[in-house]
Amino acid sequence: MAVKTRGNVTVTFNSVNLSPYITDHTFTQEGERIDITTYTSTANTTMAGDVTFGLEISGILDIAVDNALAPNLGNGTKYTLVVAEDMGAQTVTNTWTAAGDVGAEVASYSKNGASKENQKFSATFAISGAPVRGVA
Amino acid sequence: MAHKGKYCRLLMGSSTYAYDFSGVSNSLEVTRTAERLDDTVFQAATATTIAGDVSGSIVQNGYAHITEDENTKLAVHLGAAISDATPLTVAALFMTDIAACPADVARNTNASKMATAGSASGLMTLNGEWPQGEGLVRGLRVWSGTISATGAQTSPAYIDLGAVGTAGGYAWLFVRAITGTATNASVLLQSDDNTGFTSAGTEGTFTFSSTGVVEVALSGTVDRYVRLSTSSMGGATNFAVTAIVAVSGVTY
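This structure is a prediction, so every number in the text was calculated from the model and none was measured.

Colleague: Can you walk me through the overall build of chain B in this structure?
Modeller: The secondary structure content of chain B amounts to one helix and 17 strands. Since a compact globule built from 252 residues should have a radius of gyration of about 18 Å, the 20 Å found for chain B is in line with a globular shape. With the C-alpha coordinates of chain B rotated into their principal frame, the extents come out at 65 × 60 × 40 Å. Out of the 252 residues belonging to chain B, those deemed buried represent 48%.

Here's what the structure looks like:
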């Protein structure tokens, strides 16, 4: 049975739970492929490179969101990021605890307002380093 | 709490004028992006990055409105600002239904785009775009309204930054209109560690004799409670202003 997103995803950045304001999210893990094909290969051959993590969120603009994201964009500080997704039977939690090269930075932040709509925001995070992945 | 889109405000000005284009605008967007720089090294567990320089912009869309003089002002000043070296200060305010609403201010910018468009059966639109200039700085609105007497402003009497700043910042006063003649009118930006302002310190002084945007640099400590207080009307009957404060390490 499919799992609804609502109520099953939590995003916490710098100890601020952004989930009450998020309407959409995309969490990506992309593995680079490195071509190692040689003259003696029988076919195109690759090996796994580094994994790049990305998180995009968008939702309803609130002063709590603005306070959490806007001042921290480009300030050179990495913050702890926790993404927890309840897949039904189990919850997968990826945690980047800010330390050294590990952590998340606000890579982009946009807010907009249009008459007859509610004010909205969107943000992307530059995630550095490997997470601690927990399944419970 | 969700906020209606109509609670946005767009202010634009130079040293000689300051206008509120809310009456002719129907959408507003602020975007800031930090370049992502790869710094992955040997033995790293996976890819690592650091944030690079930040770039940003303010984009506005609106209608040409038959009763609004702001149309002409926007069109004239936007058009002129594209080719004119006169620096502009542009502020995009969101969630204006709360007192200390966020205000992103583009310092020393110029308009990068102005577009008017329309079709035979549609409305004429007027759109503008401003790059970040010397930086898109996020501040909070301190006070907005018409000042007609000296003393500390009320409604709100102060805003709460939430923390003390120790590295200064900026403050802007958009003087949109003056009734009468002002000669060296002065408005103080004060901060204190208590809401009674029993030990208020003056962080900056806005002095003006005409409409326009006045920017002051803040230095050192700025306490968490900030207010606006008028020390001299300069002979004017009243003036319409909006004040914004940005504190390094706190609001940006």
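So much for the structure itself; the text now carries on.
Colleague: How should I be thinking about the sheet that holds strand E5 (residues 88-93) of chain B in this particular structure?
Modeller: In a beta sheet, neighbouring strands are held together by backbone hydrogen bonds and run either parallel or antiparallel to one another. Residues and elements named next belong to chain B. Read from one edge to the other, the open sheet built from eight strands follows the order E2-E1-E5-E6-E9-E17-E12-E15, with strand pairing classed as antiparallel. Edge positions in the sheet fall to strand E2 (18-20) and strand E15 (212-218), since each of these pairs with one other strand and no more. Looking at each pair of strands side by side, their axes are set apart by 25 degrees on average, direction ignored. In terms of strand pairing, strand E6 (residues 102-109) meets strand E9 (residues 136-147) through five bridges, oriented antiparallel. Counterpart to Pro102 in the pairing with E9 is Leu140.

Colleague: How should I be thinking about the packing of aromatic side chains in this particular structure?
Modeller: The description of an aromatic ring pair rests on the distance of the ring centres and on the angle between the ring planes. Tallied over the entire structure, the rule returns 11 aromatic pairs over all chains. When the centroid spacing of 5.2 Å and the interplanar angle of 70 degrees are considered together, the rings of A:Phe53 and A:Trp96 count as edge-to-face. Here A:Trp96 lies in strand E6 (residues 91-96) and A:Phe53 lies in strand E4 (residues 46-60), a separation of 43 residues in the sequence. Here a set of aromatic residues connected by ring pairs shows up, and it is made of A:Phe13, A:Tyr79 and A:Phe125. Taking the ring centre of B:Tyr170 as reference, the NZ or CZ of B:Arg107 above it sits at 4.0 Å.

Colleague: Just to check I follow, could you spell out unusual backbone geometry for this structure?
Modeller: The phi torsion of most residues other than glycine is negative, and most of the peptide bonds are trans. The residue after B:Ser155, namely B:Pro156, is reached through a cis peptide bond having omega 0 degrees. Relative to the helices and strands, B:Pro156 is located in the loop between strand E10 (151-152) and strand E11 (159-160). Look at A:Asn14: it is not a glycine, yet its phi comes out positive at around 50 degrees. Position of A:Asn14 relative to the elements: it lies in the loop between strand E1 (9-13) and strand E2 (16-17). In the Ramachandran plot, B:Met95 falls in the positive-phi region, its phi being about 50 degrees despite a non-glycine side chain. Relative to the elements of secondary structure, B:Met95 occurs in the loop between E5 and E6. Relative accessible area serves as the criterion here: at 0%, B:Met95 is assigned to the buried category.

Colleague: I keep staring at the side chain of B:Arg227 and nothing clicks. Help me out?
Modeller: All names here are of chain B. Locating Arg227 in the fold gives a position in strand E16 (residues 225-232). As a buried residue without a salt bridge, Arg227 has its nearest oppositely charged side chain in Asp192, at a separation of 7.0 Å. Of note is the side chain of Arg227, whose polar atom sits 2.8 Å from the side chain of Gln190. Aside from chain neighbours lying at most four places away, what touches Arg227 is Val142, Ala152, Ala157, Tyr158, Leu188, Leu189, Gln190, Phe197 and Ala200.

Colleague: Got a minute to help me understand the interface of chain A and chain B in this structure?
Modeller: Where interface size is given, it is often the accessible area lost as the parts come together that is meant. The partner chain B presents 38 residues to the 36 residues of chain A that form the contact. At the boundary of chain A and chain B, one finds two salt bridges. Its salt-bridge partner being A:Asp66, residue B:Arg138 comes within 2.5 Å of it at the nearest N-O pair. Taken together, chain A and chain B are joined by 24 residue pairs in polar contact (both at pLDDT 80 or more). In terms of residues, the side of chain A that touches chain B owes the most to one element, strand E7 (residues 103-114) of chain A, which gives 10 residues. Pairing between E7(A) and strand E3 (residues 25-38) of chain B: seven bridges, direction antiparallel. By the bridge assignment, A:Gly113 is partnered in E3(B) with B:Leu28.

Colleague: What is the right way to look at the nonpolar core in this model?
Modeller: One recurring pattern in soluble globular proteins is that nonpolar side chains are buried together. Ranked by internal contacts, the top residues of the largest apolar core, which has 48 residues, are A:Leu69, A:Tyr109 and B:Ile58. Among the elements that take part in this core, strand E8 (residues 120-128) of chain A stands out by supplying four residues, more than any other. Those residues in contact with A:Leu69 that lie beyond four places of it in its chain are A:Phe13, A:Leu18, A:Val106, A:Tyr109, A:Phe121, A:Ala123 and A:Phe125. In this structure, B:Trp143, B:Val216, B:Val226 and B:Phe239 belong to the second largest nonpolar core, which totals 30 residues.

Colleague: Help me out: how do you make sense of a nonpolar patch on the surface in this one?
Modeller: Together, A:Ile34, A:Ile36 and A:Met47 give the surface a local cluster of nonpolar side chains, amounting to about 230 Å² of exposed area. Summarising the element assignment, A:Met47 is placed in strand E4.

Colleague: Would you take a moment to explain the sheet that holds E6(A) for this structure?
Modeller: All names here are of chain A. Taken together, five strands build an open sheet; the order of strands is E2-E1-E5-E6-E9 and the sheet is antiparallel. Looking at which strands have only one partner, the edges of the open sheet turn out to be E2 and strand E9 (132-135). Pairing of strand E5 (residues 81-86) with E6, which is carried by six bridges, proceeds in the antiparallel orientation. In the strand pairing of E6, Val82 is matched with Thr95.

Colleague: What's the story with the pairing of strand E17 (residues 238-247) of chain B in this structure? I'm lost.
Modeller: Put simply, side chains in a regular strand alternate between the two faces of the sheet. All names here are of chain B. The element E17 is extensively covered by neighbouring structure, given that nine of its 10 residues are classed as buried. Where E9 and E17 come together, seven bridges link them in antiparallel fashion. Bridging across to E17, Trp143 finds its partner in Ala243. In the sheet, strand E12 (residues 169-179) pairs with E17 via 10 bridges, with the strands oriented antiparallel. Bridge pairing in E17 links Trp172 to Ile244.

Cut-offs and rules
- Residues numbered from 1 in each chain as written.
- Chains lettered and ligands numbered in written order.
- Predicted model: local features only at pLDDT ≥ 70, side-chain atom pairs only at ≥ 80, totals over all residues.
- Heavy atoms only, no water.
- Helix = DSSP H or I, 4+ residues; strand = E, 2+ residues; numbered from the N terminus.
- Rg over C-alpha atoms; globule rule 2.2 N^0.38 Å.
- Buried < 20%, exposed > 50% of the residue type's maximum accessible area, 1.4 Å probe, protein only.
- Pairing = 2+ DSSP bridges.
- Axes fitted to C-alpha atoms, helices over the stretch in contact; angles between N-to-C directions.
- Phe/Tyr/Trp six-rings, centres within 6.5 Å; stacked < 30°, edge-to-face > 60°.
- Lys NZ or Arg CZ within 6 Å of the ring centre and 35° of its normal.
- Lys, Arg positive; Asp, Glu negative; His and termini not counted.
- Salt bridge = Lys/Arg side-chain N within 4 Å of Asp/Glu carboxyl O.
- Polar contact = N/O pair within 3.5 Å; in protein donor to acceptor, adjacent residues only side chain to side chain.
- Contact = heavy atoms within 4.5 Å.
- Core = buried A, V, L, I, M, F, W, Y, C linked by side-chain atoms within 4.5 Å.
- Patch = residues over 30% accessible without salt bridge, like charges linked within 9 Å, V, L, I, M, F, W, Y side chains within 5 Å.
- Areas by Shrake-Rupley, 256 points an atom, 1.4 Å probe, with all protein chains shown as cover.

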